[in-house]
Number of protein chains: 2
Amino acid sequence: MRKIKLVVQYVGTNYCGWQKQKNGKSVQEVIEKAILKVLGEPCQVFGAGRTDAGVHAEGQVAHFETIANIYPPKLYHLINTALPDDIRILNSEEVSSDFHSRFSAKKKTYEYKFYVSDTILPLLEQTQTRVGYEFCYKKAKKACKFFVGTHNFSAFCASGTKVKDTTRTIYSLKLNKVSEKEYSLMVCGNGFLYNMVRILAGTIIEVGLNKKEASDIKNIIKSGKRELAGKTMPAKGLTLKKIEYE
Amino acid sequence: MRKIKLVVQYVGTNYCGWQKQKNGKSVQEVIEKAILKVLGEPCQVFGAGRTDAGVHAEGQVAHFETIANIYPPKLYHLINTALPDDIRILNSEEVSSDFHSRFSAKKKTYEYKFYVSDTILPLLEQTQTRVGYEFCYKKAKKACKFFVGTHNFSAFCASGTKVKDTTRTIYSLKLNKVSEKEYSLMVCGNGFLYNMVRILAGTIIEVGLNKKEASDIKNIIKSGKRELAGKTMPAKGLTLKKIEYE
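No experiment lies behind these values; they were computed from the predicted model shown. (Residues numbered from 1 in each chain as written. Chains lettered and ligands numbered in written order. Predicted model: local features only at pLDDT ≥ 70, side-chain atom pairs only at ≥ 80, totals over all residues. Heavy atoms only, no water.)

Got a sec to walk through the side chain of Ser26(A)? Specific residues and values, please.
Residue and element names in this part refer to chain A. By the secondary structure assignment, Ser-26 is in the loop between strand 1 (2-10) and helix 1 (27-39). Look at Ser-26 and you get buried, because its relative accessible area is 0%. Each residue touching Ser-26, except ones within four places of it in the same chain, is listed here: Tyr-15, Cys-16, Gly-17, Trp-18, Gln-19 and Lys-20. (Helix = DSSP H or I, 4+ residues; strand = E, 2+ residues; numbered from the N terminus. Buried < 20%, exposed > 50% of the residue type's maximum accessible area, 1.4 Å probe, protein only. Contact = heavy atoms within 4.5 Å.)

Help me get a handle on the interface of chain A and chain B, residues and values and all.
Buried accessible area, meaning the area lost when the parts come together, often serves as the stated size of an interface. With 25 residues of chain A at the contact, the number on the chain B side is 25 residues. Carbon and sulfur atoms supply 67% of the area buried between chain A and chain B, which totals about 1,700 Å² over both sides. One can count 0 salt bridges joining chain A with chain B. If you list the elements that add at least two residues to the side of chain A that touches chain B, you get strand 1, strand 3 (56-66), helix 2 (72-80), strand 4 (87-95) and helix 3 (122-125) of chain A. The class makeup of the residues in the side of chain A that touches chain B is 12 nonpolar, 7 polar and 6 charged. (Buried area = accessible area lost by both parts, 1.4 Å probe. Salt bridge = Lys/Arg side-chain N within 4 Å of Asp/Glu carboxyl O. Nonpolar A, V, L, I, M, F, W, Y, C, P; charged D, E, K, R; others polar.)

Which residues make up the relation of the copies chain A and chain B, and what are the values?
Each copy of the sequence occupies a distinct position, and chain A is placed on chain B by a rotation of 180° and an axial shift of 0.0 Å, giving an RMSD of 0.0 Å. Both copies are brought into coincidence by an operation consistent with a two-fold rotation axis. If distances are taken from each C-alpha of chain A to the rotation axis, the shortest is found for Gln126(A), at 5.3 Å. The fraction of interface residues of chain A whose copies in chain B are also interface residues reaches 100%, indicating that both copies meet through the same surface. (Least-squares fit on C-alpha atoms with pLDDT ≥ 70 in both.)

Go over the domain arrangement of chain A with me, naming the residues and quoting the values.
Residues and elements named next belong to chain A. Once the domains are mapped, chain A shows domain 1 (2-95) and domain 2 (107-244). Each side of the interface is counted separately: domain 1 has 13 residues, and domain 2 has 14 residues. Buried surface at the junction of domain 1 and domain 2, both sides included, amounts to about 1,000 Å², of which 53% is carbon and sulfur. Our count for the contact surface shared by domain 1 and domain 2 stands at 2 salt bridges. Note that Arg-198 is salt-bridged to Asp-52, the shortest N-O span being 3.3 Å. Connecting domain 1 to domain 2 are 9 residue pairs in polar contact (both at pLDDT 80 or more). Its residues placed into classes, the side of domain 1 that touches domain 2 shows 5 nonpolar, 6 polar and 2 charged. (Domains from an automatic or database assignment. Polar contact = N/O pair within 3.5 Å; in protein donor to acceptor, adjacent residues only side chain to side chain.)

Quick one: what's the story with the environment of Phe147(B), residue by residue and with numbers?
All names here are of chain B. Of note, Phe-147 is situated in the loop between helix 4 (137-144) and strand 7 (149-152). With relative accessibility at 0%, the residue Phe-147 sits in the buried group. The sequence separation of Phe-147 and Val-163 amounts to 16 residues, and the corresponding C-alpha distance is 20 Å.

Describe the packing of aromatic side chains, listing the residues and the values that go with them.
All names here are of chain A. Summed over all chains, the structure comprises 18 aromatic pairs over all chains. Ring centres of Tyr-137 and Tyr-183 lie 5.4 Å apart, and the angle between their planes is 50°; on these two criteria the pair is classed as tilted. Here Tyr-137 is found in helix 4 (residues 137-144), whereas its partner Tyr-183 is found in strand 9 (residues 182-189), with 46 residues between them in sequence. Given a relative accessible area of 6%, Tyr-183 falls into the buried group. (Phe/Tyr/Trp six-rings, centres within 6.5 Å; stacked < 30°, edge-to-face > 60°.)

Got a sec to walk through the packing of helix 4 of chain A against helix 5 (residues 196-208) of chain A? Specific residues and values, please.
Residue and element names in this part refer to chain A. Contact geometry of helix 4 with helix 5 gives a least axis separation of 7 Å together with a crossing angle of 140°. When the interaxial angle is binned, helix 4 and helix 5 end up oblique. When you trace helix 4 past helix 5, the crossing you get is right-handed. The segment helix 4 lies against helix 5, with Lys-139, Ala-140, Ala-143 and Cys-144 engaging Ile-204, Val-207 and Gly-208. Of the residues contributing to the contact of helix 4 with helix 5, the split by class is 5 nonpolar, 1 polar and 1 charged. (Axes fitted to C-alpha atoms, helices over the stretch in contact; angles between N-to-C directions. Parallel < 35°, antiparallel > 145°, perpendicular 65-115°, else oblique. Left-handed = near helix turned anticlockwise from the far one by under 90°.)

Break down helix 4 of chain A for me, citing the residues and quoting the values.
Residues and elements named next belong to chain A. When we look at burial in helix 4, the residues that qualify are Ala-140, Ala-143 and Cys-144. Taken down its axis, helix 4 places every buried residue within 110° of arc, on the same side. Summarising the geometry of helix 4, the exposed residues directed more than 90 degrees from the buried face are Lys-138 and Lys-142. Buried residues along helix 4 sit in contact with strand 8 (167-177), strand 9, helix 5 and helix 6 (217-223). (Arc of directions from axis to C-beta.)

Given below as structure tokens:
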């Protein structure tokens, strides 16, 4: 038995998310079927980030075990032959048996993309969320620093989620202006709660829209109340950029 | 009767191109129907660039005539209410009766986007064309300058096209590296023959792939032979960026 680590890129638009579900086609399931097809071996593929429906990945990491006698660095080309164009394995390598894509991960980086315009811009609309033109970049940028550090992020977790420990560490959170109308929020942390990045983005955008003050953030975190944080931004603007290990 | 100039952005993926056709849904037709719906007036919308099936536009220009008594700078918001999300009017203004979106145009700028990778990259694949990793940016860049100027571009026109004058002027043609894997070819000219930008891109990319020499370009132009130029690149990488007037 060998353990193989995969780096996976996908457009999330046509999937119910990473994880297998009873209803809907998941990225995990499509990759498992592709491996079954090319290696003739049923397997379970474990992903580092369980991205939601519509969320994209530039560098998702996954692992699976195989008895196939194939040179690991070439394996991804073989799996790719059985995948649709919106999912591709970018790399494959053998890892030690104690590696786990999710539990061994040290840092995860997500990007949330949005654009500012009074009308929909079709060329951006497919993969970015539109925000009203009254958005103030300077104000929103100020809000970012309050999130950095180790905090109880229960106010930034979809309500109804059953998770015991809602403490997470955010190593960095930066809002950048990409072009005249495009913005990118890049966040790196040791892990994220359900919908956390999309709620962080929603809160920061609301500061930019003058609906909240940057100085409110501290109290919102402290309160632990979901209803005080901003709204959950749409999935299409979110991309899992990379997973880092030791 | 007032003449209205529109700036139009669209994702070409789901259309048979700008121009109305018997089979297939065109951008022109969808806009004409939207205007009929909101103004109650049948009209003809003339576009500056007749983009092909799958080609996108960031700043297409079009015009139409109307008897509607609506403040022109606000008209685009009204038309947008009747358009699908992949087409949007970005601006509307009244112009003099002698304005014609196509015949008054002085400069047209197109961008051809491609990426270099040994595997499909799903996040880029939808709007860019993949080129093999043996592509040499430096070589391809050298090919660009040979196209600039006034030339008979009959070698760079889809064969079978009936057009008398195949002379066009290219004001500028630049290949830029946008990111580690992404490239953008930006070309500005007084007009382009059928498929001309996609054949220019194909020829320049073939120089980068060492299938042609930069110094061959002069002779290819001179020969007027379509078969000596590069292949026609796929439509999805092409975007009509802007149309300029006096």
